[in-house]
Amino acid sequence: MAPDSSLSLDRILQEITTTSNLGNLNHTLKTGLPKESRETILSSALVSGQDPLSVLDLRQNTLGVLYILSARLLATNAPVAPQIVIGFCQSFLPEQARMAPDRVTLLARGIIRLAQQHNNMTWAIAPLYNLLTRYPPDPSYLTAFHHLFLQACLTANSPAAALPILNHPIANVSTAVSDLTYNDNLMYHYLGGVVLALLKRWPEAEEYFEICVTAPGAVPAALQFEALKKLRLVQLISRGEVSPLPRYAHSTLSRLLKNSIYTDFINAYPQNIQRLHALLDKEKQTFSSDKNLGLLMQAVERAPRWTLKKLTATYVTLGLGDIARVVGGMQTEDEVRALILSMIETGDISAQISASGTVTFSDPPPQFTKDEVDSVLYSAQAQSAQLELLELEVARSKDFISKAIKNQDSGWSAHPDEEMYNMSNAWAEEAMFS
Amino acid sequence: MDVDIPEEQTAQSSTHHVRKHNIIPVDDQHPFDLDGYISNYSGRTAVDRLIHIISTCPTLAPDAFQLAVQHIHQSRDPSLYQQVMSAYEAGSALSETPLPSAMELSQIDTRWADETMAKNQAERSKLEVELKTYSNNMIKESIRMGHRDLGSFYRSVSEYATALKHYAKSREFCTTSQHVLEMCLSVLELLIEQRNFSHLPTYVFKADAALDAASAAAANAKEADGTAPAPAPTLLNKRKAVSEDRERVQSKLDFATALSSLANGSYQKAAYTFLKLGPAKDFGDWMGKLVAPGDIAIYGVLCALATLPRSALKSQILENSTFGVYVEQEPYVRELVEAYLSSNFKTVLELLNRYSSRHALDVYLAPHVNALTNMIRNWAVVLYFQPFASIRLDRMSGAFGWSVEEVEEQVVTLIQAGSIQGRVDSQNKILYAKQTDHRAELFARAIKAAKDIQATNRKVLLRMRLQQADLTIKAPKGYNSSIVDLLHE
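Bear in mind the structure is a predicted one, so any value in this text is a computation, not a measurement.

Thresholds applied
- Residues numbered from 1 in each chain as written.
- Chains lettered and ligands numbered in written order.
- Predicted model: local features only at pLDDT ≥ 70, side-chain atom pairs only at ≥ 80, totals over all residues.
- Helix = DSSP H or I, 4+ residues; strand = E, 2+ residues; numbered from the N terminus.
- Buried ≥ 20, exposed ≤ 12 C-beta atoms within 10 Å, placed from the backbone.
- Contact = placed C-beta atoms within 7 Å.
- Pairing = 2+ DSSP bridges.
- Axes fitted to C-alpha atoms, helices over the stretch in contact; angles between N-to-C directions.
- Nonpolar A, V, L, I, M, F, W, Y, C, P; charged D, E, K, R; others polar.
- Parallel < 35°, antiparallel > 145°, perpendicular 65-115°, else oblique.
- Left-handed = near helix turned anticlockwise from the far one by under 90°.
- pLDDT = per-residue confidence, 0-100.
- Expected span 1.5 Å × (residues − 1).
- Core = buried A, V, L, I, M, F, W, Y, C linked by C-beta atoms within 7 Å.

J.: What should I look at first to understand the overall build of chain A in this one?
T.: The secondary structure content of chain A amounts to 24 helices and three strands. When burial is assessed residue by residue, chain A has 33% of its 434 residues classed as buried. Pairs at least 24 apart in sequence give 67% of the contacts found in chain A among residues at least 6 apart.

J.: Before we go on, may I ask you to explain the overall build of chain B in this structure?
T.: Scanning chain B from N- to C-terminus turns up 25 helices and three strands. Look at the contacts in chain B between residues 6 or more apart in sequence, and 65% of them connect residues 24 or more apart.

J.: Could you clarify how one ought to interpret the sheet that holds strand β2 (residues 350-353) of chain A in this entry?
T.: Two modes of strand pairing occur in sheets, parallel and antiparallel, and in both the strands are linked by backbone hydrogen bonds. Sheet architecture is open: six strands sit in the order β2(A)-β3(A)-β1(A)-β2(B)-β3(B)-β1(B), paired in mixed fashion. Where the open sheet ends on each side, the last strands, each with one partner, are β2 of chain A together with β1 (390-392) of chain B. Going across the sheet, the axis of each strand differs from the next one's by a mean of 20°, ignoring polarity. Taken together, the two bridges between strand β1 (residues 315-319) of chain A and strand β2 (residues 422-425) of chain B define a ladder with parallel strand orientation. By the bridge assignment, A:Tyr315 is partnered in β2(B) with B:Val424.

J.: In this structure, what is going on with the interface of chain A and chain B? I would like to understand it.
T.: Interface size is often expressed as the accessible area that is lost when the parts come together. At the junction of the two partners, chain A supplies 38 residues and chain B supplies 35 residues. Of all the secondary-structure elements, those providing two or more residues to the side of chain A that touches chain B are α12 (182-198), α13 (202-213), β1 and α22 (370-395) of chain A. Classifying every residue of the side of chain A that touches chain B by side-chain character gives 21 nonpolar, 14 polar and three charged.

J.: Explain the environment of A:Asn183 here, please?
T.: Residues and elements named next belong to chain A. Mapped onto the elements, Asn-183 comes out in helix α12. Given 16 C-beta atoms within 10 Å, Asn-183 falls into the partly exposed group. Sequence separation between Asn-183 and Leu-223 is 40 residues; the distance between their C-alpha atoms is 9.0 Å.

J.: Is there a simple way to think about unusual backbone geometry in this case?
T.: Backbone geometry follows two general trends: most residues other than glycine have a negative phi, and most peptide bonds adopt the trans configuration. Residues and elements named next belong to chain A. Of note, Asn-157 is a non-glycine position whose phi angle comes to about 60°, a positive value. You can see Asn-157 is positioned in the loop between α10 (146-155) and α11 (163-166). With a phi angle near 60°, Lys-200 is a residue other than glycine that sits in the positive phi range.

J.: Is there a simple way to explain the packing of helix α8 (residues 101-117) of chain A against helix α9 (residues 121-134) of chain A in this structure?
T.: Helix-helix packing: each pair is described by the crossing angle between the helix axes and the interaxial distance. Residue and element names in this part refer to chain A. Where α8 contacts α9, the axes come no closer than 8 Å and their chain directions differ by 165°. For the element pair α8 / α9, the angle class is roughly antiparallel. The two elements α8 and α9 meet at a crossing, and its hand is right-handed. Residue-level contacts link Ala-108, Ile-111, Ile-112 and Ala-115 of α8 to Met-121, Trp-123, Ala-124, Pro-127, Leu-128 and Leu-131 of α9. Partitioned by chemical class, the residues of the contact of α8 with α9 number ten nonpolar, no polar and no charged.

J.: Just to check I follow, could you spell out the environment of B:Lys314 for this structure?
T.: All names here are of chain B. Here Lys-314 is to be found in helix α16 (residues 310-318). Given 14 C-beta atoms within a 10 Å radius, Lys-314 is considered partly exposed. Taking C-alpha positions, Lys-314 is 8.6 Å from Val-337, a pair spaced 23 residues apart along the chain. Apart from residues no more than four positions distant in its own chain, Lys-314 is found in contact with Glu-319 and Leu-341.

J.: Looking at this model, I keep getting lost on the confidence of the model for chain B. Mind explaining?
T.: Any segment with low pLDDT has predicted coordinates that should not be analysed in fine detail. Residues and elements named next belong to chain B. Within chain B, residue pLDDT values average 77, and 84% of them lie at 70 or more. By mean pLDDT, the top-scoring element of chain B is helix α24 (residues 438-468) (87), and the lowest-scoring one is helix α1 (residues 5-18) (39). Predicted confidence is poor over residues 1-21, with pLDDT under 50, and the contacts of this stretch with residues over four places away or in other chains come to 19 contacts. When the criterion is pLDDT under 50, residues 226-236 qualifies, and its contacts beyond four places in sequence or with other chains add up to five contacts. Taken over the whole predicted complex, pTM reads 0.67, whereas the ipTM for its chain interfaces reads 0.79.

J.: Explain helix α14 (residues 222-239) of chain A here, please?
T.: Because each turn of an α-helix spans 3.6 residues, side chains separated by three or four positions in sequence point in the same direction. Helix length check: α14(A), at 18 residues, gives a terminal C-alpha distance of 26 Å against a target of 26 Å (1.5 Å per residue), a fit within 8%. Of all the 18 residues making up α14(A), 13 are buried; the element is thus mostly covered by neighbouring parts of the structure.

J.: Would you take a moment to explain the pairing of strand β3 (residues 358-362) of chain A for this structure?
T.: Each regular strand carries side chains that alternate between the two faces of the sheet. Residue and element names in this part refer to chain A. Every second residue of β3 is oriented toward a common face, the buried set being Val-359 and Phe-361 and the non-buried set Thr-358, Thr-360 and Ser-362. Alignment of β1 against β3, held across three bridges, turns out to be antiparallel. Across the sheet, the residue bridging to Thr-317 is Thr-360, located in β3. Taken together, the four bridges between β2 and β3 define a ladder with antiparallel strand orientation. Among the inter-strand pairings, Ser-350 is bridged to a residue of β3, identified as Ser-362.

J.: Hey, could you run me through the nonpolar core in this one?
T.: A general feature of soluble globular proteins is that nonpolar side chains tend to end up buried together. In this structure, B:Ile54, B:Ala68, B:Leu188 and B:Cys303 are the most contacted members of the largest nonpolar core, which totals 123 residues. Aside from chain neighbours lying at most four places away, what touches B:Cys303 is B:Leu262, B:Tyr267, B:Ala270, B:Ala271, B:Phe274 and B:Leu372. Judged by nonpolar contacts, the second largest core, of 89 residues, contains A:Ile12, A:Leu25, A:Leu63 and A:Leu295.

J.: I'm lost on the environment of B:Ala256 in this one. Help?
T.: All names here are of chain B. Mapped onto the elements of the fold, Ala-256 is located in helix α12 (residues 232-264). Residues Ala-256 and Leu-185, spaced 71 residues apart in sequence, show a C-alpha to C-alpha distance of 9.7 Å. Aside from chain neighbours lying at most four places away, what touches Ala-256 is Leu-188, Ile-192, Leu-200 and Val-204.

J.: It is not clear to me how the pairing of strand β3 (residues 430-433) of chain B should be interpreted in this structure. Could you clarify?
T.: All names here are of chain B. By the bridge criterion, three bridges tie β1 to β3 in an arrangement that is antiparallel. Across the sheet, the residue bridging to Ile-391 is Leu-431, located in β3. Judged from the four bridges that link them, β2 and β3 form a sheet pairing that is antiparallel. Bridge assignment links Arg-423 to a residue of β3, and that residue is Tyr-432. Between β2 and β3, which pair antiparallel and follow one another directly, the connecting turn spans four residues, one of which, Lys-429, has a positive phi of 55°.

J.: Explanation requested: the packing of helix α15 (residues 293-307) of chain B against helix α17 (residues 321-329) of chain B in the structure shown.
T.: All names here are of chain B. At their nearest, the axes of α15 and α17 sit 7 Å apart, and the two run at 105° to each other. The angle between α15 and α17 falls in the class roughly perpendicular. Judged by residue contacts, Pro-293, Gly-294, Ile-296, Ala-297 and Gly-300 of α15 engage Phe-323, Tyr-326, Val-327 and Gln-329 from α17. For the contact of α15 with α17, the class distribution of residues is six nonpolar, three polar and no charged.

J.: Whenever I open this one, the confidence of the model for chain A confuses me. Can you help?
T.: Residue and element names in this part refer to chain A. Counting all residues, the mean pLDDT for chain A is 81, and 90% of those residues have values of 70 or more. Confidence, expressed as mean pLDDT per element, reaches its minimum in chain A at helix α24 (residues 416-433) with 46 and its maximum at α13 with 92. Counting contacts from residues 1-6, a segment whose pLDDT is below 50, to residues more than four positions away or on other chains yields eight contacts. Confidence drops under a pLDDT of 50 for residues 413-434, and excluding neighbours within four residues, the segment shows zero contacts in the predicted structure.

Written as structure tokens, this is what we have:
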């Protein structure tokens, strides 16, 4: 215990309970303590031996509790009762907590650590979830502990628990709300993609992987390459083909992928079943060390579907035997029949199988209800309103205005295309005046 | 004017290899009149064409061999005999029935060969000495002519690389654009003879520029003449002469362009260029020395049938009097076009099949016959199906003279390539045109577009926010950027 009374926990506790100026309090807690001993002081007990957390009100003294709790969770010799953590996450005041974003991240890390100590990751999901839903101003903000939550869900083997969070796409990023690094964004979207792929929600998984792959940067990150591999596989599974990356994706990534075995796989997909199996066998080691074997198996399993789907564009009727011959990898007509039935069930194709084994394909025109169209229109309107708002925001931002003015200045003289024209104009004018 | 000589040599030798693959049948179903065909040509190209025939068609090889030897005796290049011999051996290797040995058929006149060799040697030394003298005297015009003569000489003894070198060298000593033009035309002639098509456009381009400059110069000269008290009528005549001259050169250049397009496989471009060629007399000595009028008709019509729409065929072939003259040379070509325009596809395919030997035995056309025939056939199938909503495959098989299986296979390939909007009823053998509900499709597309755009917007905005917050990926500390560059390569 530090001799100076101003640095003891009792003193701090007193300040926490009495002060009404939260800004000052945050300043004291952040800078008033010597750097080396701050965490030790914060995680110590009171002189009386009392647990400081039992004295403080978890709600009213959010900021103080946040500091103490995060310090104690990460300290080696200061146990915390899990109930207090749960209670705090349920009842803290977001406004106070937002004054110390770094401590919130620490708290989240502490929660993970605690769960690891107890070997019970499932426990961490609830407090982290509360933290995630209550801390950011709205669910579209990214925080530095988003990916911790996903990690907890994955480790606890309950990916479905992450869905409520993943259903809100990230649209806002603010370093004031959370002490973010680029890695937090990459990790969150990569793990999000993994979770969604686990749940077989292919289109959403594709979107999350794509966000990770296309994150801005001067150099590509290794994680982006991993995400790109998974993105391609997810596309194969959900659509049977790959679509080009957006132009703003880093070009090195696609080049890296081109030189990998994944390209061979994509090129052979879906017709060349033998080649796919051969690739799987040959490169099993690489695939499983990339942790993509599961996705690849699913892709191979679904390959006949895409071949069959292509046939529907060419044929109106086809015998089961013919289909088995064209699709490949199918031995008996029964297998083909089962495949077709399952595809009809999932709505991938519409077809009828007659008793004689003839399949008749049809493509009923897509139907839309009025509500569907309306909802699309509404969301389009909402989007355009949002974009308009954004445009106004950009137009009055300092950066934009200063750049626009600069361009205007230079526009008069330095535009190389216009220079000649301007000069000749100027001469003409001079001539006129003289 | 840099020319990659070693590459050309390998290219030339490789074409010799490629040409000896499949045997071209010549019989009653596939008539081919060797004597009539070869009488259209003279000099070097006749021998080249005969070599091609010898190496691909064993049936004609003995006759062609004798003809080739006759032609060689008229030329001044005994080394051609070697080529003919090896082609003949390759040809007889392909044949199932043994061919008479080359020695029995015709003997090369060794005395003639020796004499020619000696004469060639003498002429070469003479020309080289001349060139040296000119170079010493530094008379530009004479040096140019020296190079030109040496070029022609080497060409006649089929030392193409050296010939090209001399022609190219003469470029440096050209004083007027007329000379440049002359040089370009010689090189073009050489390249066509050598079947080195990739360089053709370069020289056509150069010749075009020279041609413009030359005619501009000629026009200027005339204006200068105009000040002199020359009688007006001669002046007019002269102007006319200049434009005729220009057209003649233009026709040659167009022919070179067309040939290079054909060689590149850009058949549509080739079709348009062939169809707008000037009359045969414009070609001067190129006719016969390089190409026959009948060839132009065949090349043009095949390319056109494969790529052009019907209206263009009608206006460009049947109503084109200049090209009509060429078509007269090969009457079956007109039949082909007429059958095609009257949708008589069975006749078209039969004619194509009947004359496939004629096409495959042509040096310039041979590599493209299959591609062109396939394209024409595909077009025919597409055109035939166009007016129908549904058609039985056996009717199609009747119209094209194929079996139902062949028709089905053909149609399925075309559907998968996206040329036919239709679907096949494989059980009842019926082809249906695809029916689309445009309204529903429009809705589906609009809704899909809306969703896509929204998703893209969201992603782009997030990216923008990340950039605003400066959360971009940075290279880790101590990260050597040269490693990245290495990785990139």
